[in-house]
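Each chain, written out:
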Amino acid sequence: LETASGGPLASMSSRYQHSVVLCTAGYDHTIKFWEAPAGKCYRTLAFADSQVNQLAITPDKQYLAAVGNCHARLFDVMKDVSMPVRNFTGHTGNITAVGFQKDRKWMFTGSEDGTLKIWDMRQRSGFQRSYPSKAALNTAVLHPNQGEIISGDEDGNIRVWDLTANACSYELVPDGKCAIRSITIAPDASLVMAANNRGTCFIWKLNEGSGGNAFQPLHKIEAHDTYCLKALISPDVKYLATTSADKTIKIWNIAKKFELEKTLVGHQRWVWDCCFSADSQYLVSASSDKTAKLWKLSTGGILMEYKQHQKAVTCVALNDSN
């Protein structure tokens, strides 16, 4: 690997295992752990009975959550054990979203069964509470304040769930019945963005404590001509990445009014998911072409391909934070 001699990727190489956690999963019922700079798979876990829809790594890199059709499982990142350390049961449909509270006190999941669930990580039983939505959930993200979850559903609704009030505190329908496919919120809570099945991205300025005007319209991008499958704001809040059924990833410059900065071309099929590195200089993508790819954003070039999956790769998780 050309860049392994210097720069952020070199530090990845020297301290990758456990300090850099990179995982992919999909329709071959496996989860794979990778040496990021070398492209070498060093661990494979079986995910029985289902494809894997989403992955999430705890902020402390101790655990990996994987979710599929009704199944949510927690695996130990540090120990070479094939069985999950926890199974979370209760959903009756595909689980499409998963994430963790920053101190790993609880986990959330969203599902096509129309519910958002909170799971207490400190209790053996796990299940804590459930919020009923009116439609199948496609996406859900945790607000940086750790007290709200924003969900998007198949009927085009965006809802803010207040975990203290135990209720939906805000609702928004940006584009009629067009399904919301992905929601992303800036780490500094300045922006929230939603992408839909039309390939349209809606961006709002997020105002704390402003009641009905919490989402102030800021911008709208016709990002792709078909499904926008994932949208993600970079950790430094400089870029927005969108992935699509059109086989591309697009990088948008937030400071330049969401001007298109680069189009990353190289995948042969739908691009389902992506993750930024902690320094916002790299992106990892997952595709139906059975590969994941590591991109250098300054050049738009592919640095590494991860190629051991036998079927579509639908999700990727990366934690390389210090």
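Along each chain, residue indices are assigned from 1 in the same order as the chain's sequence is written. Two thresholds apply to this predicted model, a pLDDT of at least 70 for residue-level local features and 80 or more for giving and counting side-chain atom pairs, whereas whole-chain, interface and lining totals are computed over all residues. Water and hydrogen atoms play no part in the side-chain values, which are based on all heavy atoms of the structure.

Visitor: Any chance you could break down the sheet that holds strand S9 (residues 106-111) for me, citing the residues and the numbers?
Guide: With antiparallel pairing, 4 strands are arranged side by side in an open sheet as S8-S9-S10-S11. Edge positions in the sheet fall to strand S8 (95-100) and strand S11 (127-132), since each has one partner strand and no second. Put simply, the sheet's adjacent strands are angled 15° from each other on average, direction ignored. Strand direction decides the pairing type here: S9 and strand S10 (residues 115-120), joined by 5 bridges, are antiparallel. Paired with Phe-108 across the two strands is Ile-118, which belongs to S10. Whether two strands pair comes down to DSSP finding at least two bridges between them. Strands are runs of DSSP state E lasting at least 2 residues, helices are runs of H or I lasting at least 4, and numbering of each runs from the N terminus. Inter-axis angles, ranging from 0 to 180 degrees, are taken between N-to-C directions of lines fitted to C-alpha atoms, where helices are fitted over the stretch in contact.

Visitor: Run through the sheet that holds strand S22 (residues 249-253), naming residues and quoting values.
Guide: Here we have 4 strands laid out as an open sheet, ordered S20-S21-S22-S23, and antiparallel in their pairing. Single-partner strands in this sheet number two, and they are strand S20 (228-233) and strand S23 (259-264). The mean inter-strand angle of the sheet, taken between neighbouring strand axes irrespective of direction, is 20°.

Visitor: Can you explain the nonpolar core? Please cite residues and give values.
Guide: We define a nonpolar core as any set of buried Ala, Val, Leu, Ile, Met, Phe, Trp, Tyr and Cys residues linked to one another through side-chain atoms lying within 4.5 Å. Relative accessibility decides the category of a residue: with a 1.4 Å probe and only protein chains considered, values under 20% of the type maximum give buried, values over 50% give exposed, and everything between is partly exposed. Core analysis: the biggest nonpolar cluster contains 17 residues, and Leu-22, Val-284, Leu-294, Tyr-306, Val-316 and Leu-318 have the highest contact counts within it. Sorting the residues of this core by element identifies strand S25 (282-287), strand S26 (292-296), strand S27 (301-306) and strand S28 (313-319) as the ones contributing at least two each.

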